[in-house]
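Read off the chains here:
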Amino acid sequence: MRAIAVRGFINDKLDTTSSRTLFRKALINGSVELRDPNQKYLVDYFNYLQWELQAKSDKQLEIVNELIAKGFDKEPDYLFSWMLHYEPLTKNKTRVEGYSIYASKTKELYVWINDAINQTKDEWELNVCHCKAIGKNKPVFVASNCELITQE
């Protein structure tokens with residue numbers, strides 16, 4: 001299993017507009033970083049209804065139906081995100097097959113990625129650590145299956 005680190009940040013722009021009719025509804029923004037080879041994905045965690053409305057592809061609609069069948073749509077403390085691959089050099093964001101579920105009460109995080117273009121097909125179930133010092137540019141939670149290197 002590949003090493004993964006997920007960081008979630010409070011969305012400072014919540015309920016502001018990105019255009020005349022589009023509001024920012026993500027409660028938490030974050031990143032998913034993988035090693036060997038290094039890959040980066042972006043996540044925006046929404047409540048279930050907002051997340052479901054963003055389903056575009058047949059595979060995403062299939063995932064939505066699977067989660068409804070399992071009762072995930074009735075969990076008030078769960079947040080959901082689709083995956084975007086992020087290319088740091090070009091700052092290009094590409095929608096990929098995958099999603100993440102963050103359960104804040106049980107401190108669990110599930111990530112599933114099926115990104116053939118970037119040779120990433122895996123799933124992870126991680127324990128979340130809530131951060132004590134939160135604020136601008138500081139994560140509210142971190143989840144990983146490897147040792148994180150801190151910068152001082």
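Parameters at a glance
Residues numbered from 1 in each chain as written. Predicted model: local features only at pLDDT ≥ 70, side-chain atom pairs only at ≥ 80, totals over all residues. Heavy atoms only, no water. Helix = DSSP H or I, 4+ residues; strand = E, 2+ residues; numbered from the N terminus. Buried < 20%, exposed > 50% of the residue type's maximum accessible area, 1.4 Å probe, protein only. Phe/Tyr/Trp six-rings, centres within 6.5 Å; stacked < 30°, edge-to-face > 60°. Expected span 1.5 Å × (residues − 1). Arc of directions from axis to C-beta. Contact = heavy atoms within 4.5 Å. Pairing = 2+ DSSP bridges. Axes fitted to C-alpha atoms, helices over the stretch in contact; angles between N-to-C directions.

Caption draft 1: Representation of the environment of Asp36. Within the fold, Asp36 resides in the loop between β2 (28-34) and β3 (39-45). Note on Asp36: relative accessible area 67%, which makes it exposed.

Caption draft 2: Here's a closer look at the packing of aromatic side chains. Counted according to the given criterion, the structure contains 12 aromatic pairs. With a centroid separation of 4.3 Å and 20 degrees between ring planes, the pair formed by Trp51 and Trp82 is classed as stacked. One end of the pair, Trp51, is in helix α1 (residues 48-53); the other, Trp82, is in strand β4 (residues 78-87), and 31 residues separate them in sequence. Each member of the pair, Trp51 together with Trp82, is buried.

Caption draft 3: View of helix α2 (residues 58-69). Between its first and last C-alpha, α2 extends 17 Å over 12 residues, near the 16 Å set by a 1.5 Å rise per residue. Among all positions of α2, only Gln60, Ile63, Val64 and Leu67 are buried. One face of α2 carries all of its buried residues, which in axial projection span an arc of 100 degrees. Turned more than 90 degrees away from the buried face of α2, the exposed residues are Asp58, Asn65 and Ala69. Taken together, the buried residues of α2 touch α1, β4, β5 (92-103) and β6 (108-115). Backbone geometry just after α2 places Gly71 at a positive phi near 85 degrees.

Caption draft 4: Quick peek at the sheet that holds strand β1 (residues 4-10). Taken in spatial order, the 8 strands line up as β1-β2-β3-β4-β5-β6-β7-β8 and close into a barrel, and their pairing is antiparallel. Direction aside, neighbouring strands of the sheet carry axes that sit 25 degrees apart on average. Sheet topology places β1 next to strand β8 (residues 141-144); 4 bridges connect them, and they run antiparallel. Directly across from Gly8, in β8, lies its bridge partner Phe141. Set on the sheet, α2 makes contact with β4, β5 and β6; between it and β5 the angle comes to about 5 degrees.

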